[in-house]
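Examining the three-dimensional arrangement
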Amino acid sequence: MSDKMYLYPLWVRIWHGFNALFFLVLLISGISMQYADLKYSFLPFDWAVLSHNISGVGITLAYLFFLVGFVLSDNKRHYKIEVKGLCGRLIRQMQYYLFGIFKGEGSPFPVTAESKFNPLQQTTYVAVLFVLYPMLILTGFPLMFPEIIIDNFFGIGGTLLTALLHSAVGFLSSLFLVIHIYFATIGSTPTSNFKSIINGYHERH
Amino acid sequence: MVKLTKSLVCLLLLSVLIVHARATDGADNSQCLQCHGQVFYEYHNEWTDQVDRKPLNPFHYIDSVKMKSSVHKMFACIDCHSMDYQTFPHSGELRLEEKYQCMDCHGGDETYAHFNFEGIESAFQESVHYKSSDERFNCWMCHDPHGYELALRQDKPIVEVVTLSNKMCTSCHDNKFKYGLLSHDDPVDIAATHAWLPNREQHFNKVRCIDCHTKVDADLLISHNILPKEQALRNCVDCHSANSVLMESLYAHRAKESRAKSGFFNAVVLNEGYIIGANRNKTLNTISVILFGMLLVGLLVHAVLRMIFSKNK
């Protein structure tokens, strides 16, 4: 028997929905452009450019919306990393995912109203939202307006450097997406976390 | 005696230097350029005994600075134009003078064999310029004989190559007076017809018009077969892919000279630009595929183990 806890306020769910949509379009169109081929492109190149640009602007606006919500609401408490003892907590969580989960042990950091993320989630989300996202946005917009990029940066083409950084961070973000979706299946049922981010209620065992 | 010998040697060296300087600076065309190198020219009118100041026909203006750096700088004006031009006012009949064409000098000459002028002429005769102008279109319409300079062969930066090349096209296609020499119509608005290009200005600055508007010919460094507009490249992936046609056109010369081993597809482009889809780092590609594969395998194993252990409970 599971009970429900309201964890995801409406604004978070709206942001998450738009973010997921734009992220997927960016990922597919980005890969399509990077590996464009006369025979085997995912998307027609001009569609890929247009959808990537629109989604890039969209995800940036969504991100700004998230930041406003982050600052104004108490949701930010979930992202405050307690540095003291972090390594130990991360190791405990990893041990759970690597061993404990198979033995039927309970999560070392169960979800509560005060702390909805375990240390591994918390660290990853902070890294993605406050390191990878800004890097993607800061490298993405110059690629949309390449005339503002300097031609030469210490002997390396400015556009090349920006594009390499953008695609490398995009790749890391795609790894995050796969991990994020897989770990979302670790809930009271494989689909319960997906329902949670739609209706806002977290199901507990 | 020694003093006299030294003086003679110095004089000889000086004259050699002067001759050398004249040869590298080009021919002395100052008499013609007194008028043709100016926007306004002046002359003494013997009828009125006054100095007249008149605007020069812009089609007869010669940029003397460009001329000094052009491939034809060693020629005197009267090498190609009638000797009678030395008289002013010029005789009205001189405007009927038949001008030399490229092939008159460059055709069949071994010195210029590497330019393949014969191939250029054949390609040009296939071009829309030649076919749609009743043969009135000639080399000079694009290649200013008084200011033409080599760009790709001189290894100038690609941006400069592109600018010089595109100026040839826009000198007519963005100039109704020069365009009017061949057509009763006004030139079409290039910006409007290319509005479909993402980052249009970037394309205009980094790619030559001829990269999309000509048919690539492996025997020519620069293709001269300008295609009808309907046949111009419009498929982005023609350039934005590992098999980019730019490697056969704009970057062909550089690519032949430096087959890069930097790990990048089409690395020669990276010296001066970046073309998404055409530039990929092989090492990073391999690493990313391996990492992604390892992640998927890891998660798959984890999922299978979860299922097995949950059934055993």
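Further up the page is the structure itself.
Starting from 1, residues in each chain are numbered consecutively following that chain's sequence as written. Here chains are named by letter from A upward and ligands by number from 1 upward, in the order in which they appear as written. Whole-chain, interface and lining totals are the exception, using all residues; otherwise, since this is a predicted model, local features are given only for residues with pLDDT of at least 70 and side-chain atom pairs are given and counted only at 80 or more. The side-chain values count all of the structure's non-hydrogen atoms but skip hydrogen atoms and water molecules.

Section: the overall build of chain B
So the rule is basically this: Only DSSP runs of H or I reaching four residues or more are called helices, and only runs of E reaching two or more are called strands; each is numbered from the N terminus. Exposed residues in this analysis have more than 50% of their type's maximum accessible area, buried residues have under 20%, and partly exposed residues fall in between, with area computed by a 1.4 Å probe over protein chains only. Contacts between residues were defined by any pair of non-hydrogen atoms, one from each residue, lying within 4.5 Å. Here the Shrake-Rupley method, with its probe set to 1.4 Å, supplies the accessible areas, and only the displayed protein chains count as covering residues.
Of the regular secondary structure elements, chain B holds 14 helices and 2 strands. By residue count, 31% of the 313 residues in chain B fall in the buried class. In chain B, of all internal contacts separated by at least 6 residues, the share reaching a separation of at least 24 is 51%. Taken as a whole, chain B presents about 20,800 Å² of accessible surface, with 60% of it coming from carbon and sulfur.

Focus on the environment of V268 of chain B
Inspection of the secondary structure puts V268 of chain B in the loop between α13 (252–257) and α14 (282–312). Distance from V268 of chain B to Y251 of chain B, taken between C-alpha atoms, is 7.3 Å for residues 17 residues apart in sequence.

Topic: the interface of chain B and chain A
The following threshold applies: Throughout, the accessible surface (probe 1.4 Å) given up by two parts as they are put together, summed over both, is called the buried area. Here a salt bridge means any side-chain nitrogen of Lys or Arg lying within 4 Å of a carboxyl oxygen belonging to Asp or Glu. Polar contacts, as counted here, are pairs of nitrogen or oxygen atoms within 3.5 Å of one another; within protein the pair requires one atom able to donate a hydrogen and one able to accept it, and residues that are adjacent in sequence qualify only if both atoms are side-chain atoms. The nonpolar class holds Ala, Val, Leu, Ile, Met, Phe, Trp, Tyr, Cys and Pro. Asp, Glu, Lys and Arg form the charged class, and all remaining residues, Gly among them, are polar.
Between chain B and chain A, the residue contacts involve 32 residues of the former and 32 residues of the latter. Taken together, the two surfaces of chain B and chain A that pack against each other cover about 2,800 Å², and 69% of this comes from carbon and sulfur. Area buried by chain B at its contact with chain A is led by Y274, H302 and R306 of chain B, which between them contribute 21% of it. Linking chain B to chain A there are 0 salt bridges. The interface formed by chain B and chain A includes 9 residue pairs in polar contact (both at pLDDT 80 or more). Only α11 (200–206) and α14 of chain B provide two or more residues apiece to the side of chain B that touches chain A. Looking at the side of chain B that touches chain A, the element that brings in the most residues is α14 of chain B, giving 13 residues. A class-by-class count of the residues in the side of chain B that touches chain A yields 17 nonpolar, 10 polar and 5 charged.

Let's talk about empty space enclosed by the protein
All names here are of chain B. The criterion, for reference: Of the grid points, spaced at 1 Å and generated over the protein atoms alone, those admitting a 1.4 Å probe that cannot get out make up cavities, while open sets with protein on both sides within 12 Å along at least five of seven lines make up pockets; any residue with an atom within 4 Å of a point is treated as lining. Grid points are joined across faces, edges and corners, and a volume is the space filled by probe spheres set on the points.
Applying the stated criterion to the full structure yields 2 cavities of 30 Å³ or more. Each pocket or cavity is described by its volume, and for the largest cavity that value is around 90 Å³. In this structure, the largest cavity is lined by R208, I210, D211, T214, V216, D217, L220, L221, I222, S223, E248 and S249. Partitioning the lining of the largest cavity into residue classes produces 5 nonpolar, 3 polar and 4 charged.

Let's talk about unusual backbone geometry
Residue and element names in this part refer to chain B. Here the amide bond leading from F88 into P89 is cis, since omega sits at -5 degrees, within 30 degrees of zero. Position of P89 relative to the elements: it lies in the loop between α4 (77–80) and α5 (102–106). Despite not being glycine, D49 shows a phi value in the positive range, around 60 degrees. Here D49 shows up in the loop between β1 (40–45) and β2 (50–55). A positive phi angle is found at N199, which is not glycine, with a value near 50 degrees. Mapping N199 onto the fold places it in the loop between α10 (190–193) and α11.

With respect to the packing of helix α2 (residues 45–72) of chain A against helix α4 (residues 119–144) of chain A
To describe two helices that pack against each other, one gives the angle between their axes and the distance between the axes. Residues and elements named next belong to chain A. Our working rule: To get an axis, a line is fitted to the C-alpha atoms, and for a helix only the part in contact is used. The angle between two axes follows their N-to-C directions and goes from 0 to 180 degrees. A crossing counts as left-handed when the near helix is turned anticlockwise from the far one by less than a right angle, and as right-handed when that turn is clockwise.
For the pair α2 and α4, the least separation of the axes is 11 Å and the interaxial angle reads 145 degrees. Seen from above, α2 lies across α4 with left-handed handedness. On α4, the residues touching N53, G56, V57, I59, T60, Y63, F66, L67 and F70 of α2 are L129, F130, Y133, P134, I137, F141 and M144. Residues of the contact of α2 with α4, tallied by class, amount to 13 nonpolar, 3 polar and no charged.

Brief notes about helix α1 (residues 10–34) of chain A
Residue and element names in this part refer to chain A. Note the cut-off: Expected span of a helix, by definition, is 1.5 Å for each gap between consecutive residues, and there is one gap fewer than residues.
In this model, α1 (25 residues) spans 35 Å end to end at C-alpha, consistent with the 36 Å of a helix rising 1.5 Å per residue. For α1, the complete set of buried residues consists of W11, V12, R13, W15, N19, F22, F23, L26, S29, S32, M33 and Q34. Considering only its buried residues, α1 is in contact with β1 (3–6), α2, α4, α5 (158–184) and α6 (192–199).

Focus: the pattern of salt bridges
Oppositely charged side chains may form a pair once their charged atoms are brought near each other. The full count for this structure, using the stated rule, is 9 salt bridges over all chains. For the salt bridge of K156 of chain B with E160 of chain B, the shortest nitrogen-to-oxygen distance reads 4.0 Å. For K156 of chain B, a relative accessible area of 16% puts it in the buried group. Accessibility expressed as a relative area gives 36% for E160 of chain B, which makes it partly exposed. Where E230 of chain B meets K229 of chain B, a salt bridge forms, and the shortest distance between an N and an O atom there is 3.4 Å. For E230 of chain B, a relative accessible area of 61% corresponds to the exposed category. Owing to a relative accessible area of 67%, K229 of chain B belongs among the exposed residues under this scheme. Salt bridges sharing common partners tie together D74, R77 and E114 of chain A.

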